Amino acid sequence: MKRFLTVLILTVFAAGAAAAQPVIDINQGHLNPLPVATPPFIGAAPAEAQTGAEIAAVVEADLERSGLFRPINHTAFIEQITDLDLKPRFEDWRVINANALLTGDVEMSSDARMRVSFRLWDVFGEQELLGLTFVTTPENWRRVAHKIADAVYEELTGEMGYFDSRIVFVSESGPRLSRSKRLAIMDQDGANLRFLTNGDYTVLTPRFSPSSQTIAYLSYQNTKPQVHLFDIETGRHEMLGNIPNMTFAPRFSPDGNSLALTLEDSGNSDIYLMDLRSRQMSRLTTGSAIDTSPTFSPDGRQIVFESDRSGSQQLYIMNIDGSDVRRISFGSGRYATPVWSPRGDLIAFTKIASGRFSIGVMRQDGSGERLLADGFRAEGPTWSPNGRVLMFWREERGSTPGVWSVDLTGQNLRRVETPGAASDPAWSPLLQ
Amino acid sequence: MTCLQGIAMKFKVVLVAMSVLAVAACASDEPVVENTPPAATPTPPPQRVTAVPGSVEDFQETAGDRVFFDYDQFDLRSDARATLDRQASWLSQYGNVTVRIHGNADERGTREYNLALAARRANSARDYLVSRGVAASRIETISNGEEQPVCSASTEECWALNRNATTVIVAGAVTS
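What you see is a predicted model, and the numbers here were worked out from it, not measured in a lab.

Undergrad: Can you help me understand the nonpolar core in this one?
TA: Inside soluble globular proteins, nonpolar side chains tend to come together where they are buried. Residues and elements named next belong to chain A. Among the nonpolar cores identified, the biggest contains 43 residues, and F41, I55, F69, F118 and I148 are the most heavily contacted of them. The element contributing the most residues to this core is helix α3 (residues 141-157), with 9 residues. For this core, the domains that each give at least three residues are domain 1 (6-16 + 23-157) and domain 2 (166-427). Apart from residues no more than four positions distant in its own chain, I55 is found in contact with F41, V106, V116, W141, A145 and I148.

Undergrad: Help me out: how do you make sense of the sheet that holds strand β30 (residues 414-416) of chain A in this one?
TA: Two pairing modes exist for strands in a sheet, parallel and antiparallel, and in both the strands are linked by backbone hydrogen bonds. All names here are of chain A. Ordered in space as β27-β28-β29-β30, the 4 strands form an open sheet in which the pairing is antiparallel. Looking along the sheet, the strands with just one partner apiece sit at the ends: β27 (377-383) and β30. Averaged over all neighbouring strand pairs, the angle between strand axes comes to 35°, with direction disregarded. Bridging between β27 and strand β28 (residues 389-395) involves 5 bridges; their strand directions are antiparallel.

Undergrad: Where do I start with the state of the cysteines in this structure?
TA: Covalent bonding between the sulfur atoms of two cysteines is what defines a disulfide. All names here are of chain B. Across all of its chains, the model carries 1 disulfide over all chains by this definition. A sulfur-sulfur distance of 1.9 Å marks the disulfide that ties C151 to C158. Handedness here is read from the sign of the S-S torsion; for C151 and C158, about -45°, the answer is left-handed.

Undergrad: Hey, could you run me through the pairing of strand β8 (residues 166-173) of chain A in this one?
TA: For a regular strand, side-chain orientation follows a simple rule: the groups alternate between the two sheet faces. Residues and elements named next belong to chain A. The buried count for β8 comes to 6 of 8 residues, which makes it a mostly enclosed element. Note: β8 against strand β9 (residues 180-187), 8 bridges, orientation antiparallel. Note on β9: the bridge partner recorded for R166 is D187. Hairpin connection of β8 to β9: 6 residues between the antiparallel strands, including G174 at a positive phi of 90°.

Undergrad: Mind showing me how you'd approach α3(A) here?
TA: Residue and element names in this part refer to chain A. The terminal C-alpha atoms of α3 lie 24 Å apart, and with 17 residues this matches the ideal 24 Å at 1.5 Å per residue to within 8%. When you tally the buried positions in α3, you get 14 out of 17 residues, the bulk of the element. Just past α3, the residue G158 takes up positive phi, approximately 80°.

Undergrad: Just checking my understanding: could you explain the confidence of the model for chain B for this structure?
TA: Residues shown with low pLDDT carry predicted positions that ought not to be read at fine detail. Chain-level pLDDT for chain B is 83 on average; 73% of the residues reach the 70-or-more range. Segment residues 1-28 of chain B is flagged for pLDDT under 50; beyond a separation of four residues in sequence, or across chains, it makes 16 contacts in the model.

Undergrad: Mind showing me how you'd approach helix α5 (residues 111-131) of chain B here?
TA: The α-helix winds at 3.6 residues per turn, so residues separated by three or four positions along the chain end up facing the same way. Residues and elements named next belong to chain B. A rise of 1.5 Å per residue sets the reference length of α5, with its 21 residues, at 30 Å; its end C-alpha atoms lie 30 Å apart and thus fit the reference within 8%. When you tally the buried positions in α5, you get 18 out of 21 residues, the bulk of the element. Two residues or fewer after α5 comes G133, characterised by a positive phi angle close to 100°.

Undergrad: So what exactly am I meant to see when it comes to empty space enclosed by the protein here?
TA: The gaps of empty space that remain are located by a probe, the size of a water molecule, rolled over the atoms. Residue and element names in this part refer to chain A. The final tally for this structure, using the stated rule, is 3 cavities of 30 Å³ or more. Of the voids in this model, the largest cavity is the one considered here, and its volume is about 150 Å³. Residue lining of the largest cavity: 16 residues in total, with T205, R207, R251, G380 and D424 positioned closest to the centre. Here the lining of the largest cavity takes 4 residues from β27, the largest share from any one element. By residue class, the composition of the lining of the largest cavity is 6 nonpolar, 4 polar and 6 charged.

Undergrad: Please explain the interface of chain B and chain A as it appears in this structure.
TA: Taken together, the contact pairs 31 residues of chain B with 42 residues of chain A. In total, about 2,900 Å² of surface goes out of reach between chain B and chain A, with carbon and sulfur atoms giving 52% of it. Between the two partners, chain B and chain A, sit 6 salt bridges. The residue A:K181 makes a salt bridge to B:E147 at a minimum N-O spacing of 2.8 Å. Taken together, the connections running from chain B to chain A amount to 19 residue pairs in polar contact (both at pLDDT 80 or more). Of all the secondary structure elements, the ones that give two or more residues to the side of chain B that touches chain A are α5 and β3 (139-143) of chain B. Considering each element in turn, the side of chain B that touches chain A owes the most residues, 9 residues, to α5(B). Class assignment for the residues of the side of chain B that touches chain A results in 11 nonpolar, 10 polar and 10 charged.

Undergrad: Would you mind showing me how to read unusual backbone geometry here?
TA: Excluding glycine, most residues fall at negative phi; most peptide bonds, likewise, are trans. Phi at A:N97 is positive, roughly 65°, even though this residue is not glycine. When you line up the elements, A:N97 lands in the loop between α2 (90-94) and β5 (100-108).

Undergrad: How should the pairing of strand β29 (residues 402-407) of chain A be read in this particular structure?
TA: All names here are of chain A. For β29, the buried fraction is high: 6 of the 6 residues fall into the buried class. Both faces of β29 are covered, namely the face carrying G402, W404 and V406 and the face carrying V403, S405 and D407. Across 6 bridges, the pairing between β28 and β29 is antiparallel. From the neighbouring strand, M391 faces β29, where its bridge partner is S405. The hairpin formed by β28 and β29 contains 6 residues between the paired strands, and G398 there has a positive phi angle of roughly 75°. As judged from the 3 bridges shared by β29 and β30, these two strands associate in the antiparallel manner. Of the residues in β30, the one forming a bridge with S405 is R414. Linking two consecutive strands that pair antiparallel, namely β29 and β30, is a turn of 6 residues; a positive phi of about 90° is found at G410 within it.

Undergrad: What's the story with the sheet that holds strand β23 (residues 334-340) of chain A in this structure? I'm lost.
TA: Residue and element names in this part refer to chain A. Spatially, the 4 strands line up as an open sheet ordered β23-β24-β25-β26, and their pairing is antiparallel. Two strands bound the open sheet, and with one partner strand each, they are β23 and β26 (370-375). Pairwise comparison of adjacent strand axes, ignoring direction, gives a mean angle of 25° for this sheet. In this structure, strand β24 (residues 346-353) lies alongside strand β25 (residues 356-363), joined through 8 bridges in antiparallel fashion. Considered in β25, the bridge of T350 is made with I359.

Undergrad: Just to check I follow, could you spell out the packing of aromatic side chains for this structure?
TA: The way to describe two aromatic rings as a pair is by their centre distance and the angle between their planes. For the structure on display, the rule yields 13 aromatic pairs over all chains. Seen in terms of ring centroids, A:Y162 and A:W427 are 5.6 Å apart; in terms of plane orientation they differ by 85°. Their pairing is edge-to-face. Taken together, the residues A:Y162 in the loop between α3 and β8 and A:W427 in strand β31 (residues 421-427) connect sequence positions 265 residues apart. Across the pair, A:W427 and A:Y162 agree in class, each one buried. Counting every residue linked through ring pairs, the aromatic cluster contains A:F69, A:Y153, A:Y162, A:F163 and A:W427. Across from the ring centre of A:F195, 3.6 Å away, lies the NZ or CZ of A:R182, which sits over that ring. Between the NZ or CZ atom of B:R108 and the centre of the ring of B:Y71, over which it lies, the distance is 4.2 Å.

Parameters and conventions
- Residues numbered from 1 in each chain as written.
- Chains lettered and ligands numbered in written order.
- Predicted model: local features only at pLDDT ≥ 70, side-chain atom pairs only at ≥ 80, totals over all residues.
- Heavy atoms only, no water.
- Core = buried A, V, L, I, M, F, W, Y, C linked by side-chain atoms within 4.5 Å.
- Buried < 20%, exposed > 50% of the residue type's maximum accessible area, 1.4 Å probe, protein only.
- Helix = DSSP H or I, 4+ residues; strand = E, 2+ residues; numbered from the N terminus.
- Domains from an automatic or database assignment.
- Contact = heavy atoms within 4.5 Å.
- Pairing = 2+ DSSP bridges.
- Axes fitted to C-alpha atoms, helices over the stretch in contact; angles between N-to-C directions.
- Disulfide = S-S within 2.5 Å.
- Expected span 1.5 Å × (residues − 1).
- pLDDT = per-residue confidence, 0-100.
- 1 Å grid on protein atoms, 1.4 Å probe; cavity = no way out; pocket = protein on both sides within 12 Å on 5 of 7 lines; lining within 4 Å.
- Points joined across faces, edges and corners; volume = space filled by probe spheres on them.
- Nonpolar A, V, L, I, M, F, W, Y, C, P; charged D, E, K, R; others polar.
- Buried area = accessible area lost by both parts, 1.4 Å probe.
- Salt bridge = Lys/Arg side-chain N within 4 Å of Asp/Glu carboxyl O.
- Polar contact = N/O pair within 3.5 Å; in protein donor to acceptor, adjacent residues only side chain to side chain.
- Phe/Tyr/Trp six-rings, centres within 6.5 Å; stacked < 30°, edge-to-face > 60°.
- Lys NZ or Arg CZ within 6 Å of the ring centre and 35° of its normal.

Written out as structure tokens, the structure is:
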């Protein structure tokens, strides 16, 4: 399952030095998204052409959703791509102002494998930027499309992509006083939706393991709310350890070997670390304050968390053994649900001030606070695998919650398509 | 015929408010004479059904099963202590009863914080009952966080109701 994709590097038509290749400045990109043409991938047989069109459409939608690219309407296309190995007629693409052109080809082989090849062209520089072939089974066509979108994104922005990833979230239905909350998982673009629990009991706050194979979440399946684990491959749900207390706010360590969580005892909530192999717990915080919502730094050596030890919710960082605790948030209002960026430079958080909720980021020393989105309720940021985009849930007064995404620049705020109301999104790492 | 009488003839039942309007509309000085509407048979006041002593309903009626908290607080207000005093006295009378106290929070905090805050509220109520002589072994607590609102609007009134600790009888009550 892990290595179902074979990647080959296509021979690149190197047309001299890459001089003026289109490059997107990701901090400016939204103001001037790069025009890109994504004609249907070629397929000799009707089934191949069908899949080719679907793949190109998924790539195009991924690129568009990032806000960094502006796909050109297909009706404007002049040249029809018929051979992946022939250079396109660049002038036909220049005249419709396509800066980048993506061409591709789908071939089904007799052994039920599918080969998807693509080339990314710099239209104005008249050169090929990238050429790759993926070999996989036909049912994996969507993942191939996301991998192609990632490759294009990487080539043109210089940043890792994030399209071949998933979202786990809580799908909500029913009236507010008897709301049903189910665990659901879908591809980053909303496809391949699956429900992982049946709604008989409430589930909250799912989080991915670094392998994306396990999900830790809060379940009310038993009397006490407790952290459960779900294995995506086997479909098995498991209660975490044999703990009589309420446990909540789980987060995996970057190596996947331990889980930070909160354990409540006689009304007092403190942060613990659980070794997932031995199931041994070590206590990281003490005292009567509410200490919760721990998340790891990408190097696994520190934990950022929230505590009301000062009198209101604020953000703190400590070492993995609980030592060297220091407060990092000092702005007006309450700060909660900190999440460390996968790049390590920023911490995203929920802020509550003047009756409004906001999603913001700050550096790990607490400086450079920026608010990116707000709402009557806006909570629970989760980072894209490349640390460029934040997803969170938002609800207007008297409405139902939905999942939203926003770029780190604060631009490109979008509703993420979910079936009905949804909350508590968590973004997986890039799939392996 | 005054215009008011004309109206009165058209409509068999004339509401007082309506006739006042009609008078104003007619601007007539003539005294208005009307028959007093026949007295209706009084509906009997709701019969107060006394709950079976020792039942869940009895607990809810005589003690009250819910105490309320201020925003982001978990200390017991005086009205909460009065209710818990009644709960403790009821529970001392029915020594076989075991209870579960559900802590609840309104929607104005973050979800995980609300789980912790609601746990504090349930525990405040539990500690108070224990201090009033209820055996700790008879009480368990659970935090619902903000997940079990009893009032659905996003208003100050609903939030006040949703910040509570609710004592639910688990076992030992008399069947009503």
